[in-house]
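Per-entry structural report
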Amino acid sequence: MSKLILTICLLIFTFSVAHSKEIVLRCEDKKNIFTAKGQRAEVEIDLAANKLWVEGVLFTIVTKGERTIVAEKEVADSDGVITIRLDRYDGFMKFDAPEGRSGTAYCKKYRKMF
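The paragraphs below set out a description of the structure included in this document. Sequence order as written defines residue numbering, which begins from 1 separately in each chain. Only residues with pLDDT of at least 70 get local features here, since the model is predicted, and only at 80 or more are side-chain atom pairs given and counted; chain-wide, interface and lining totals rely on the full set of residues. Side-chain numbers come from the whole structure's heavy atoms, not from hydrogens or water.

**As for the overall build of the protein**
Put simply, the rule reads: Secondary structure elements follow DSSP: runs of H or I of four or more residues count as helices, runs of E of two or more count as strands, with numbering from the N terminus. The contact rule is simple, with two residues in contact once any of their heavy atoms fall within 4.5 Å. Note that accessible areas follow from Shrake-Rupley with a 1.4 Å probe, and for residues the cover is restricted to the protein chains shown.
Helices and strands together make up the secondary structure of the protein, namely 1 helix and 8 strands. Considering only residue pairs separated by 6 or more positions, the protein has 24% of its internal contacts joining residues 24 or more positions apart. Summed over its atoms, the accessible surface of the protein is roughly 8500 Å², and 55% of this surface lies on carbon and sulfur atoms.

See the structure below:
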């Protein structure tokens, strides 16, 4: 009987598929680096794939901490790297880019209202 239960459990674990959900945030970009003035930036996060998109621009997640997610993207025409730090609790996002371009944003989880 115990072998039967063990076999059933193994089959359930073998055939179960873990679906990672994409997290979508809306962020108010204070310096309008990613968006036009008055618009909010859309940030999508896929923790399972280690990817983060800001307005469709792909960043690679390099650190997934309990408090902070850090993502980076190499800048094609320079030796610099754009770094994004996103606080998982309060939604504070800080981004640093080459040539002193940096800024902050506050993000909220985006969900359907009705």
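Here the narrative resumes.
**Quick look at the environment of Leu58**
Assignment of secondary structure puts Leu58 in strand β4 (residues 57-64). For the pair formed by Leu58 and Ala71, sequence separation is 13 residues and the distance between their alpha carbons is 9.4 Å. Those residues within four positions of Leu58 in sequence are excluded, and the remaining contacts are Lys51, Leu52, Trp53 and Lys73.

**Brief notes about the side chain of Asp46**
Defined as follows: Only protein chains enter the accessibility calculation, which uses a 1.4 Å probe; a residue whose area is less than 20% of its type maximum is buried, one above 50% is exposed, and one in between is partly exposed. Charged residues are defined narrowly, with Lys and Arg counted positive, Asp and Glu counted negative, and His plus the chain ends left uncounted. Take a side-chain nitrogen of Lys or Arg and a carboxyl oxygen of Asp or Glu: if they are within 4 Å of each other, that pair is a salt bridge. Counting of polar contacts relies on pairs of N or O atoms within 3.5 Å, with two restrictions inside protein: one atom must be capable of donating a hydrogen and the other of accepting it, and residues adjacent in sequence are counted only when both atoms are side-chain atoms.
Tracing the chain through its elements places Asp46 in strand β2 (residues 40-46). Put simply, Asp46 is tucked away with no salt bridge, and the nearest opposite charge, on Lys51, sits 7.1 Å away. Here the side chain of Asp46 touches Ala49 through a polar contact of 3.3 Å, landing on its backbone nitrogen.

**Examining the nonpolar core**
Keep this limit in mind: Within this scheme, the nonpolar core is defined by two criteria: the residues are buried Ala, Val, Leu, Ile, Met, Phe, Trp, Tyr or Cys, and they are joined through side-chain atoms within 4.5 Å.
Within the largest apolar cluster, 17 residues are counted, with the highest numbers of intra-cluster contacts made by Leu25, Cys27, Val43, Ile45, Leu52, Ile84 and Met93. The set of elements that each furnish at least two residues to this core consists of β1 (23-29), β2, β3 (51-54), β4, β5 (68-74), β6 (81-87), β7 (92-96) and β8 (102-109). With 3 residues, β2 is the largest single contributor of residues to this core.

**Points about the side chain of Asp87**
Structurally, Asp87 can be placed in strand β6. Residue classification places Asp87 among the buried residues on the basis of a relative accessible area of 14%. Engagement of the side chain of Asp87 in a polar contact is seen with the side chain of Arg67, the distance being 2.8 Å. One polar contact links the side chain of Asp87 to the main-chain amide nitrogen of Asp90, over a distance of 3.2 Å.

**Details of the sheet that holds β1**
Applicable threshold: Should DSSP find at least two bridges between two strands, the strands are regarded as paired. Where helices are involved, their axes are fitted lines through C-alpha atoms of the stretch in contact, as for all axes, and angles between N-to-C directions lie from 0 to 180°.
Read around the closed barrel, 8 strands run β1-β2-β3-β4-β5-β6-β7-β8, paired in antiparallel fashion. Direction aside, the axes of adjacent strands within the sheet are offset by 30° on average. Here β6 runs beside β7; their pairing, made up of 4 bridges, is antiparallel. Note that in β7 the partner of Arg85 across the bridge is Lys94.

**Description of unusual backbone geometry**
Non-glycine residue Asn50 carries a positive phi angle of around 55°. The backbone of Glu55 sits at a positive phi, close to 50°, despite the residue not being glycine. If you trace the backbone, Glu55 turns up in the loop between β3 and β4. Residue Glu55 is classed as partly exposed on the basis of its relative accessible area of 40%.

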